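Chain by chain, the residues run as shown.
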Amino acid sequence: MKTIIYIFLVTFLFCSTDLNAQCQIHIDTISFCYFNGITKQSQIIDNYQITNNSTEDYLTWVSLVPKNDKSNIELTHDFFKKGKGDFNLIEAMYENLLDGRPIIIGYSFIKNITVGETFSYFIAKTETKSNFYQRRIVLIKKKEVEQYLRMQIDEKYFFKLPSIFLTEK
């Protein structure tokens with residue numbers, strides 16, 4: 001009888017740890033709508049709240065183009081190594097071209113979501129069916145990105161605030 005209890009207990013512990021592992025990154029999506037009397041338009045605010053319950057840091061950024069079915073390597077390459085104008089992000093980091101410059105969504109905005117931290121994207125839009133930013137928000141393990149780039153990203157390049165506000169036309 002004790003053997004059966006031990007087997008049941010071990011099975012229960014295994015299942016409960018497996019369930020916890022499935023919720024390493026928790027994303028809450030909240031939307032609310034209001035009418036702006038000044039602009040005479042309905043406004044919709046979507047909040048994508050990302051909570052890192054894992055044991056590793058994650059990076060998030062906004063891609064210039066929709067993610068579609070791109071792999072993490074393709075998304076990382078496009079953001080860090082693909083040319084955007086005269087430079088790519090890695091070159092700009094090496095040349096210290098970003099120091100003292102404003103963060104630019106799609107070009108230099110990167111947020112490191114550390115263990116236990118929560119980060120929010122607030123997205124203002126006028127059409128309920130629009131998912132412009134939702135299709136562009138990238139979330140990848142920091143370790144995976146740095147392994148692909150073969151470098152550690154300096155803390156000075158990370159967005160510091162716990163949320164960012166984005167607007168759609």
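Residues numbered from 1 in each chain as written. Predicted model: local features only at pLDDT ≥ 70, side-chain atom pairs only at ≥ 80, totals over all residues. Heavy atoms only, no water.

Turning our attention to the overall build of the chain. For the chain, the count of helices and strands is four helices and seven strands. The helix and strand sequence of the chain, counted from the amino end, reads α-β-β-β-α-α-β-β-β-α-β. Residues counted as buried form 36% of the 169 residues belonging to the chain. Contacts in the chain between residues far apart in sequence, at least 24 positions, make up 74% of those at least 6 positions apart. Surface accessibility of the chain: about 11,000 Å² in total, with carbon and sulfur atoms responsible for 57%. (Helix = DSSP H or I, 4+ residues; strand = E, 2+ residues; numbered from the N terminus. Buried < 20%, exposed > 50% of the residue type's maximum accessible area, 1.4 Å probe, protein only. Contact = heavy atoms within 4.5 Å. Areas by Shrake-Rupley, 256 points an atom, 1.4 Å probe, with all protein chains shown as cover.)

Here the focus is the pattern of salt bridges. The full count for this structure, using the stated rule, is seven salt bridges. Between Lys156 and Asp99 there is a salt bridge whose closest N-O contact spans 3.5 Å. Here Lys156 is found in the loop between α4 (142-149) and β7 (163-167), whereas its partner Asp99 is found in the loop between α3 (89-94) and β4 (111-113), with 57 residues between them in sequence. Overall, Lys156 belongs to the partly exposed group, its relative accessible area being 44%. By relative accessible area, which is 39% here, Asp99 ends up partly exposed. (Salt bridge = Lys/Arg side-chain N within 4 Å of Asp/Glu carboxyl O.)

Turning to the environment of Ile113, a few remarks are in order. Looking at the secondary structure, you find Ile113 in strand β4. In this structure Ile113 comes out as buried when scored by relative accessible area, which is 0%. Sequence separation between Ile113 and Asn52 is 61 residues, and the spatial gap between their C-alpha atoms is 6.6 Å. If near-sequence neighbours (up to four positions away) are discounted, Ile113 is found in contact with Ile50, Asn52, Asp57, Tyr58, Thr60, Phe119 and Leu139.

Ranked by internal contacts, the top residues of the largest apolar core, which has 17 residues, are Trp61, Phe80, Met93, Ile110, Val145 and Ile153. Mapped by element, the contributors of at least two residues to this core are β3 (58-62), α2 (72-81), α3, β6 (137-141) and α4. Excluding residues that lie within four positions of it along the chain, Phe80 makes contacts with Trp61, Asn88, Leu89, Ile90, Met93, Ile110, Val145, Leu149 and Ile153. Counting 13 residues, the second-largest nonpolar core is a separate cluster that includes Val62, Phe119, Tyr121 and Phe159. (Core = buried A, V, L, I, M, F, W, Y, C linked by side-chain atoms within 4.5 Å.)

What follows deals with the sheet that holds β6. What links the strands of a sheet is backbone hydrogen bonding, and the strands pair in either a parallel or an antiparallel sense. Spatial ordering of the open sheet is given by β4-β3-β6, a layout of three strands whose pairing is antiparallel. Each end of this open sheet is capped by a strand with a single partner; those strands are β4 and β6. The average undirected angle you get between the axes of adjacent strands in this sheet is 25°. In this structure, β3 lies alongside β4, joined through three bridges in antiparallel fashion. Looking at the pairing, Tyr58 lines up with Ile113 of β4. Running over the sheet, α2 touches β3 and β6 and is turned about 60° from β3. The sheet contacts of α4 involve β3, β4 and β6, and relative to β6 the element is tilted by about 85°. (Pairing = 2+ DSSP bridges. Axes fitted to C-alpha atoms, helices over the stretch in contact; angles between N-to-C directions.)

With that settled, the discussion passes to the layout of surface pockets. By volume, the largest pocket amounts to about 340 Å³. If you trace the largest pocket, you find it lined by Lys84, Phe87, Asn88, Leu89, Ala92, Leu97, Leu98, Arg101, Pro102, Ile104, Tyr107 and Ser108. A per-class count over the lining of the largest pocket returns eight nonpolar, two polar and two charged. (1 Å grid on protein atoms, 1.4 Å probe; cavity = no way out; pocket = protein on both sides within 12 Å on 5 of 7 lines; lining within 4 Å. Points joined across faces, edges and corners; volume = space filled by probe spheres on them. Nonpolar A, V, L, I, M, F, W, Y, C, P; charged D, E, K, R; others polar.)

Take the confidence of the model for the chain next. Summary statistics for the chain give a mean pLDDT of 87 and a share of 87% for residues scoring 70 or more. Across residues 1-21, where pLDDT falls below 50, the model places zero contacts with residues more than four positions away in sequence or in other chains. (pLDDT = per-residue confidence, 0-100.)

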